[in-house]
Amino acid sequence: MRLIRNTSYIRAQKSRAKWLALGGFVLFLAGFGAIAVLKNPIFSYLSIIPAYVLFIAGMQQLGKWTNSPRKPRGDLLIDASLKNLPDKYTLIHYTRIEKQMIEHTLLHPGGALVIVLRDVAGKIRVDGKRFRKTSNPLTRILSASGPPLGQPDDEMDSGVAALETLLKANQSEIEVHGVVVFTAMDHELDEHDPQLDVIGIADLPDYVRVLDVDPSFKQSERDQIANLLAAGDGFERDEPARTRRPVVVKRRAT
């Protein structure tokens, strides 16, 4: 499998996450310090509320962009899951189409797949296209700094729409669809008439292998689309090494 990764974007997001968390922590200290100095604590509490929001946002982003052996970063987790795919698959991480950031796109023999990751543990209920955590309120408060569920359906739909628009503008009308992938080992999906594909990371390789194939979608066109999605600075490519068979040279007898 071919890999293309926007490393500049990853570095920028990691730096932003650190500054968000630090800014929230400093604002916390300022708020509690003001409580001790000011006679009216209302003004101090007004600074604590945005401090909490900043700190939680920073911790969530730090968790998303920090890579460790126990908790690999999302793009690296997909790489490991799909590492056995052949060269006709190309995985592109963090490509921007105008204002839309598509975090993970897989070009395959049948078209393009937009992959939306969620690292959310516990029970997640899916009603149609609506996602909802069903844990008790206390658990939600204690896990506030963890990965947010957000609206994966909106992220998938907007990513698919942006990619389709870009490809149509470049005379390449291939099949584009999306999938929501949960990466937490202890997640539990409770699906009720789902209107989109939702799977766990362990099921991703099998899901990709059974995607429909379009014989008219040649490797040359896939390469052109990959170059289009990875245009600009900051992208790094990891092409599979190509080996050549040794040439046997026959010597004439003297």
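Here the structure is a predicted model, which means the values were calculated and not measured.

Caption draft 1: Highlighting the overall build of the protein chain. Check the secondary structure of the protein chain and you find seven helices and 10 strands. Taking all 254 residues of the protein chain together, 39% fall into the buried category. Contacts spanning at least 24 positions in sequence make up 70% of the contacts within the protein chain whose residues lie at least 6 apart. Surface exposure of the protein chain reaches about 15300 Å², of which carbon and sulfur atoms provide 55%.

Caption draft 2: The arrangement of unusual backbone geometry in detail. Within the chain, Tyr94 stands out as a residue other than glycine whose phi angle is a positive 65 degrees. Note on placement: Tyr94 falls in strand β2 (residues 90–97). A relative accessible area of 2% means that Tyr94 is categorised as buried.

Caption draft 3: Highlighting the sheet that holds strand β8 (residues 187–192). Strand order across the open sheet formed by three strands is β6-β5-β8, with mixed pairing between neighbours. The sheet terminates laterally at β6 (130–133) and β8, the two strands that pair on one side only. The sheet shows a mean angle of 25 degrees between the axes of neighbouring strands, direction not considered. Across four bridges, strand β5 (residues 122–127) lies against β6 in antiparallel orientation. Bridging across to β6, Val126 finds its partner in Phe131.

Caption draft 4: Examining the confidence of the model for the protein chain more closely. Model confidence for the protein chain is summarised by a mean pLDDT of 86, while 84% of its residues fall at 70 or above. Mean pLDDT values over the elements of the protein chain span from 57, in helix α4 (residues 137–142), up to 97, in strand β4 (residues 111–118).

Caption draft 5: View of the sheet that holds strand β7 (residues 175–182). As summarised here, the arrangement of the seven strands in space is β9-β7-β4-β3-β2-β1-β10, forming an open sheet in which the pairing is mixed. Edge positions in the sheet fall to β9 (198–200) and β10 (235–238), since each has one partner strand and no second. Mean inter-strand twist for the sheet, computed between neighbouring axes without regard to direction, equals 30 degrees. Sitting on the sheet, helix α3 (residues 74–81) is in contact with β1 (2–6), β2, β3 (100–108) and β4, with an inclination near 155 degrees to β2.

About the cut-offs
Residues numbered from 1 in each chain as written. Predicted model: local features only at pLDDT ≥ 70, side-chain atom pairs only at ≥ 80, totals over all residues. Heavy atoms only, no water. Helix = DSSP H or I, 4+ residues; strand = E, 2+ residues; numbered from the N terminus. Buried < 20%, exposed > 50% of the residue type's maximum accessible area, 1.4 Å probe, protein only. Contact = heavy atoms within 4.5 Å. Areas by Shrake-Rupley, 256 points an atom, 1.4 Å probe, with all protein chains shown as cover. Pairing = 2+ DSSP bridges. Axes fitted to C-alpha atoms, helices over the stretch in contact; angles between N-to-C directions. pLDDT = per-residue confidence, 0-100.

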